[in-house]
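Spelled out from the first residue to the last, the chains are:
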Amino acid sequence: MTINNSRIVTYSPAYTIVPTYECFNRCSYCNFRAEPGKSPWMNISDAESIFKSLESEKVCEILILSGEVHPHSPKRQAWFQRIYDLCELALSRGFLPHTNAGPLSFAEMEMLKGVNVSMGLMLEQLTPTLLNTVHRHAPSKLPQVRLQQLQWAGELQIPFTTGLLLGIGETVNDWWETLAAISELHQRYHHIQEVILQPHSPGLQQSFNAPPFNPHQLPEVIAKAREILPDDITIQIPPNLIKDDQWLLACVEAGARDLGGISPKDEVNPDYPHLQEQVLRKILQPMGWELIERLPVYPKFDGWLSQELQTSVKWWRNTFKSPSQV
Ligand code: SF4
């Protein structure tokens, strides 16, 4: 069942853990990273305490969001192992992990598939011109590297979330080209769950000196994206970056149907607090939109998961029992 024509908007009750903020890239719009060696890695006992504190909360998804250790660094294996162990721990405590840790090797992706119900990586923009500007010091942002991740996810049958970052120096045509590339890969592998349209929203840490993406432009972009993307890909928008209730509603009317993971803190945009579920409901309900929880994996992908993962997913589907999970 596709929910695109219904009056349902989804979100994922989530909590974000950060194995490390250290990152060898230096994207100039970043408000997340720390210098390599300057961010202690999350250890397993810290994660255990967090998961324990979440037991009484309505949290299903653990988003594992990490800065990147260079693929050739001697620390790479330990970094990857820590991410794997955190996913495994989250699973063992009954949560559903979704990892976004930058580009991975094929073997790393394959291993993480065993302990994640879905994974993600923003494509951001495919245009190589950004390699001379915001991505000048960000080797991970090579467009071919990121496209290849989407392809590998397809080959490995990993349910996947990707998206565009809007307003970092690209042109309007660049948006449509990036969306077309996502669409093309999806038509080959049928593995993309959601495409996030994320407006650039300046934060206190970044050096990139540019205005925010005009949120009033977003409904138009969503409408066009809806034309380019296949119907079975959901368009996701981050409501904390839209700010204005009327424009949030306009985005939903234009075709956005998911508000992403709502957790206590937006780690990527720490200067923009998440709107919590009750607030979002108050905005949506008067206009006839129902806000419901979803899992970090869509039902049509359950068969791609291991038996162990399927057992956890089934438990959550019974708990949420929402129409979007049909
Ligand atoms: S945006 Fe991501 S890849 Fe770029 S510097 Fe920040 S954490 Fe690293």
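- Under the annotation held in an unreviewed UniProt entry, the chain carries the name 7,8-didemethyl-8-hydroxy-5-deazariboflavin synthase and is attributed to Nostoc linckia z8.
- UniProt, in the comment section headed Subunit (unreviewed entry), describes the chain in these words: "The FO synthase complex consists of two subunits, CofG and CofH."

**Brief notes about the site of the ligand**
Part 1 of the argument: Taken together, Cys23, Asn25, Arg26, Cys27, Cys30, Phe32, Arg33, Gly67, Glu68, Gly102, Ala138 and Ser140 make up the full set of residues adjacent to the ligand.
Part 2 of the argument: Among the residues forming the shell around the ligand, the class breakdown is five nonpolar, four polar and three charged.

**Regarding the nonpolar core**
Part 1 of the argument: Of all hydrophobic cores here, the largest spans 80 residues; its most connected members are Ile64, Val195 and Leu197.
Part 2 of the argument: When residues in this core are grouped by element, the largest group, eight residues, is from helix 2 (residues 76-92).
Part 3 of the argument: Not counting the four nearest positions on each side in its chain, Ile64 is found in contact with Ile17, Pro19, Ile83, Leu86, Cys87, Pro97, Thr99 and Ala101.

**Structural notes on the environment of Pro215**
Part 1 of the argument: Structurally, Pro215 can be placed in the loop between strand 6 (192-199) and helix 6 (218-228).
Part 2 of the argument: Counting along the chain gives 28 residues from Pro215 to Lys243, while the straight-line C-alpha distance between them is 8.2 Å.
Part 3 of the argument: Excluding anything up to four places from it in sequence, Pro215 contacts Pro199, Ile242, Lys243, Asp244 and Trp247.

**Here's the deal with unusual backbone geometry**
With the exception of glycine, the majority of residues adopt a negative phi angle, and the majority of peptide bonds are in the trans configuration.
Part 1 of the argument: Of note, the phi angle at Glu124 is positive, near 65°, even though the residue is not glycine.
Part 2 of the argument: One can find Glu124 in the loop between strand 4 (118-120) and helix 4 (143-155).
Part 3 of the argument: Owing to 24 C-beta atoms within 10 Å, Glu124 belongs among the buried residues under this scheme.
Part 4 of the argument: Backbone geometry places His190, a non-glycine residue, at a positive phi of 55°.
Part 5 of the argument: With respect to the helices and strands, the residue His190 is situated in the loop between helix 5 (172-189) and strand 6.

**Some words on the packing of helix 4 against helix 5**
Packed helices, taken two at a time, are described by the angle between their axes plus the distance between the axes.
Part 1 of the argument: Here helix 4 crosses helix 5 at 20°, and the two axes come no closer than 9 Å. Relative to helix 5, helix 4 is oriented roughly parallel. In terms of crossing hand, the pair formed by helix 4 and helix 5 is right-handed. Where helix 4 approaches helix 5, its residues Leu147, Leu150, Gln151 and Gly154 are matched on the opposing element by Ala181, Leu185, Arg188 and Tyr189.
Part 2 of the argument: Of the residues contributing to the contact of helix 4 with helix 5, the split by class is five nonpolar, two polar and one charged.

Parameters and conventions
Residues numbered from 1 in each chain as written. Predicted model: local features only at pLDDT ≥ 70, side-chain atom pairs only at ≥ 80, totals over all residues. UniProt positions renumbered as here; feature names shortened; annotations may be inferred. Near = placed C-beta within 6 Å. Nonpolar A, V, L, I, M, F, W, Y, C, P; charged D, E, K, R; others polar. Core = buried A, V, L, I, M, F, W, Y, C linked by C-beta atoms within 7 Å. Buried ≥ 20, exposed ≤ 12 C-beta atoms within 10 Å, placed from the backbone. Helix = DSSP H or I, 4+ residues; strand = E, 2+ residues; numbered from the N terminus. Contact = placed C-beta atoms within 7 Å. Axes fitted to C-alpha atoms, helices over the stretch in contact; angles between N-to-C directions. Parallel < 35°, antiparallel > 145°, perpendicular 65-115°, else oblique. Left-handed = near helix turned anticlockwise from the far one by under 90°.

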